[in-house]
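Reading the structure
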Amino acid sequence: MNKTLKGIFAGCGILALLGGGLAVLKLTEPEENPDEHSGDGEEESILLWEIANSDDISKITVTPKDGDAYTATRKMEEVQDVDADGNEYTKEIANYYLDAYESLPMDTITIRTLATRSSTVSASRTIQTGTPQEDLAKYGLDQPIAVTFQVDGQENVEFLIGDISPDTSLSYLCMADDLGTVYAVPSTNVEKYREPLISYLGTTVTEALAEDDDTVVEDVLLERKDLDYDIHLSYDDFYHLDLNGGSSAAHIMVEPVRSLLNAEKSAGLTHGLFGLTASEVLTPFPTEAEMKKCGLDDPFVRVTVKTDQGDTLVFRLGNTYEAALSDGTTELRYYGYLDGTDCIYGFNQENTLFEDVEPGDITSKIVVETYVWDIGRLIYEAGDLKLDFEGVGDEQENYLVTCNGKLTDTERFRKLYTYLLKTSAEEIVLEEVTLPSEPMVSIQLERQDGTRAYNVKFYAAGGMQAYIAVNDNLSFKCRKAYVETLIRNMQIYDETDKEFTMTW
């Protein structure tokens, strides 16, 4: 025997003494009752049940060890799909819906995994056979999760789920008709049954409006306890049709002041109840006591939205609470409730803007809004100075305009109006104010088509600011320098050799 082989055998002898000897001892132990145990931890593959097509599962009943049972029932539905060539086609799929929860949004994709994850299951190991009743607790099978599949064309599949094993990739399981045999199955096959029923309810509280949906949000009313006024928005077809040539939103604010809206910034308020998504589902079918505990009987926020389809949506935000996150931190959330969807949800501050939006967050700075060639009459007044313009035409090439009854230069008229368009609602005025008896400047504007007429008046506000009143309703503040420059431009209108000042 060569030296290498001698060394190998010598090493084996040492290993036998240090570790392999344990195997020798094991082998020399008295043989256990084969009816009590099977297997020594080696990997196996034992088919426990097989359902060739998970869609054949018509009903799934889950009974948690510490909760009420719930049932998911199959419903065959047609959906649109796209093939490999990009062609659309219709196919039928099985979706599952929780019995008695049909009135609430559900996460049908996740519910479907109750069927698909375990339609066919093989055990990785047989842990114990002939297991006595008192041993079931070792595997969590004395108080198991019970699952029953009702399957088309075959007997029910009934199984019990115990604890997760020390090897977390495996979980203990036994068949309902054979409690004596404990198996280890992949945890991925059974983890979905450990989830509480609430996890299968959807957090998408309302569906978003489709691109081709022509539903019109006609009215939005936001009532909030920390505000001594309401924020009230109203749809105006005039702006939807863009007849003014410059407004950027189809809604206007009518309370606390009348103002045009910034379309992008106001969309969360005008359409925020469509595609409304919560952070979590909290309490399905709450009692009056639960509603009161969450502050939803007398909410901090109430939003009422009305559409041209006759629908009214009412959404409430109640008290706040701290929600634990998976990274160990917490997050401030609001209890929320949509009337007609009988469930309390949790909303973080990214889900909605209703809890802290202010009028100035969503309004446009535009005050004067009419496209220049749509003007039929425009009167500027400042003290004794009056410029009374009348125009007709629809574009610069054919527009004719007079000033105080005399034909005037169209371009001169346009430049003065361009400065007026720069009027900016820099600050919304919400407090009660006593205005001076006379304005610094008064503007009266009428469209040629008669669809709109309004006035804008500027008043001294003290210091370096001026008030802006629209249709005699005080709404905004701007810089006084802007108004003073407007007056100077009005004064030199007839001095055509002088250029208007466009900054202030």
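What counts and what doesn't
- Residues numbered from 1 in each chain as written.
- Predicted model: local features only at pLDDT ≥ 70, side-chain atom pairs only at ≥ 80, totals over all residues.
- Heavy atoms only, no water.
- Pairing = 2+ DSSP bridges.
- Helix = DSSP H or I, 4+ residues; strand = E, 2+ residues; numbered from the N terminus.
- Contact = heavy atoms within 4.5 Å.
- Axes fitted to C-alpha atoms, helices over the stretch in contact; angles between N-to-C directions.
- Buried < 20%, exposed > 50% of the residue type's maximum accessible area, 1.4 Å probe, protein only.
- Arc of directions from axis to C-beta.
- Polar contact = N/O pair within 3.5 Å; in protein donor to acceptor, adjacent residues only side chain to side chain.
- Parallel < 35°, antiparallel > 145°, perpendicular 65-115°, else oblique.
- Nonpolar A, V, L, I, M, F, W, Y, C, P; charged D, E, K, R; others polar.
- Phe/Tyr/Trp six-rings, centres within 6.5 Å; stacked < 30°, edge-to-face > 60°.
- Lys NZ or Arg CZ within 6 Å of the ring centre and 35° of its normal.
- Salt bridge = Lys/Arg side-chain N within 4 Å of Asp/Glu carboxyl O.
- Core = buried A, V, L, I, M, F, W, Y, C linked by side-chain atoms within 4.5 Å.

Right, let's get into the sheet that holds strand β25 (residues 441-447). Strand order in the open sheet made by the 9 strands is β23-β22-β21-β20-β25-β26-β27-β28-β24, with antiparallel pairing throughout. In the strand order of this sheet, the two ends are held by β23 (406-407) and β24 (427-428), each with one partner. Bridge count between strand β27 (residues 465-470) and strand β28 (residues 473-479): 6 bridges; the pairing is antiparallel. Note on β28: the bridge partner recorded for Tyr-467 is Lys-477. Helix α8 (residues 410-421) rests against β20 (375-382), β21 (385-392), β22 (400-403) and β25 of the sheet, and its axis sits at about 65 degrees to β20.

Turning to helix α5 (residues 263-270), a few remarks are in order. Inspection of α5 places Ser-266, Leu-269 and Thr-270 among the buried residues, and these make up the whole buried set. Each buried residue of α5 sits inside an arc of 85 degrees when the element is viewed along its axis, so together they form one side. For α5, the N-terminal cap is Asn-262; the gap from its side-chain oxygen to the backbone nitrogen of Glu-264 is 3.1 Å.

Where α8 meets helix α9 (residues 480-491), the axes come as close as 11 Å, and the angle between the chain directions of the two elements is 170 degrees. The orientation of α8 relative to α9 falls into the category roughly antiparallel. Here Leu-416, Tyr-419 and Leu-420 of α8 come into contact with α9, specifically with Ala-481, Tyr-482, Thr-485, Leu-486, Asn-489 and Met-490. In the contact of α8 with α9, the residues fall into 7 nonpolar, 2 polar and no charged.

In this section: the sheet that holds strand β13 (residues 251-255). With antiparallel pairing, the 9 strands of this open sheet are ordered in space as β14-β13-β12-β11-β16-β17-β18-β19-β15. The open sheet terminates on both sides in strands that have one partner only, identified here as β14 (259-260) and β15 (280-284). Pairing geometry for strand β12 (residues 231-235) and β13, over 4 bridges, is antiparallel. Looking at the pairing, His-232 lines up with Glu-255 of β13.

Under the counting rule described, the total for this entry stands at 21 aromatic pairs. A centroid spacing of 6.0 Å and a plane angle of 50 degrees characterise the contact between Phe-458 and Tyr-482, whose relative ring orientation is tilted. Of this pair, Phe-458 sits in strand β26 (residues 453-460) while Tyr-482 sits in helix α9, and the two are 24 residues apart along the sequence. Residue classification places Phe-458 among the buried positions, given a relative accessible area of 0%. Classification of Tyr-482 as buried rests on a relative accessible area of 2%. Sitting over the ring of Tyr-493, Arg-412 keeps its end group 5.9 Å from the ring centre. Arg-412 extends its terminal NZ or CZ atom over the ring of Phe-500, reaching a point 4.0 Å from the ring centre.

Counted under the stated rule, the structure contains 22 salt bridges. Note that Glu-495 is salt-bridged to Lys-498, the shortest N-O span being 2.6 Å. Taken together, the shared-partner salt bridges connect Arg-224, Asp-226 and Glu-358 into one network.

What follows deals with the environment of Val-79. On the secondary structure map, Val-79 appears in strand β3 (residues 70-82). Sequence separation between Val-79 and Ile-93 is 14 residues; the distance between their C-alpha atoms is 7.3 Å. When sequence neighbours within four positions are dropped, the list of residues in contact with Val-79 reads Tyr-89, Thr-90, Lys-91 and Ile-93.

So, about the nonpolar core. Ile-60, Phe-149, Tyr-193 and Tyr-380 are the most contacted members of the largest nonpolar core, which has 107 residues in total. Sequence-distant contacts of Tyr-380, defined by excluding residues within four places in its chain, comprise Leu-385, Lys-386, Leu-387, Phe-389, Leu-416, Tyr-417, Leu-420, Ser-442, Ile-443, Leu-486 and Met-490. If you look at the next biggest cluster of nonpolar residues, it comprises 8 residues, including Leu-296, Tyr-321, Tyr-335 and Tyr-337.

Side chains of strand β7 (residues 145-151) alternate between two faces, with Ile-145, Val-147, Phe-149 and Val-151 buried and Ala-146, Thr-148 and Gln-150 left unburied. Of the pairings in the sheet, the one linking strand β2 (residues 57-63) to β7 comprises 6 bridges and is antiparallel in character. Bridge pairing in β7 places Thr-63 opposite Ala-146. If you look at the hairpin formed by β7 and strand β8 (residues 157-164), you'll find 5 residues sitting between the two strands, and Gly-153 has a positive phi there, around 75 degrees.

Those residues of helix α2 (residues 108-116) that fall on the buried side of the exposure criterion are Thr-108, Thr-110, Ile-111, Thr-113, Leu-114 and Ala-115. Looking at the buried side of α2, the elements it contacts are β2, β3, β4 (88-98) and β7.

So, about unusual backbone geometry. For the bond from Glu-255 to Pro-256, the omega torsion is 5 degrees, close enough to zero to count as cis. In this structure, Pro-256 sits in the loop between β13 and β14. With a phi close to 75 degrees, Ala-100 is a non-glycine residue in the positive phi region. Residue placement: Ala-100 occurs in the loop between β4 and α2. With a phi close to 50 degrees, Asn-471 is a non-glycine residue in the positive phi region.

Okay, the environment of Asp-361 next. For Asp-361, the position within the fold is in helix α7 (residues 359-362). For Asp-361, a relative accessible area of 40% puts it in the partly exposed group. Taking the C-alpha atoms as reference points, Asp-361 and Lys-265, 96 residues apart in sequence, are found 7.0 Å from one another. Filtering out sequence-adjacent residues up to four positions away, Asp-361 remains in contact with Lys-265 and Asp-356.

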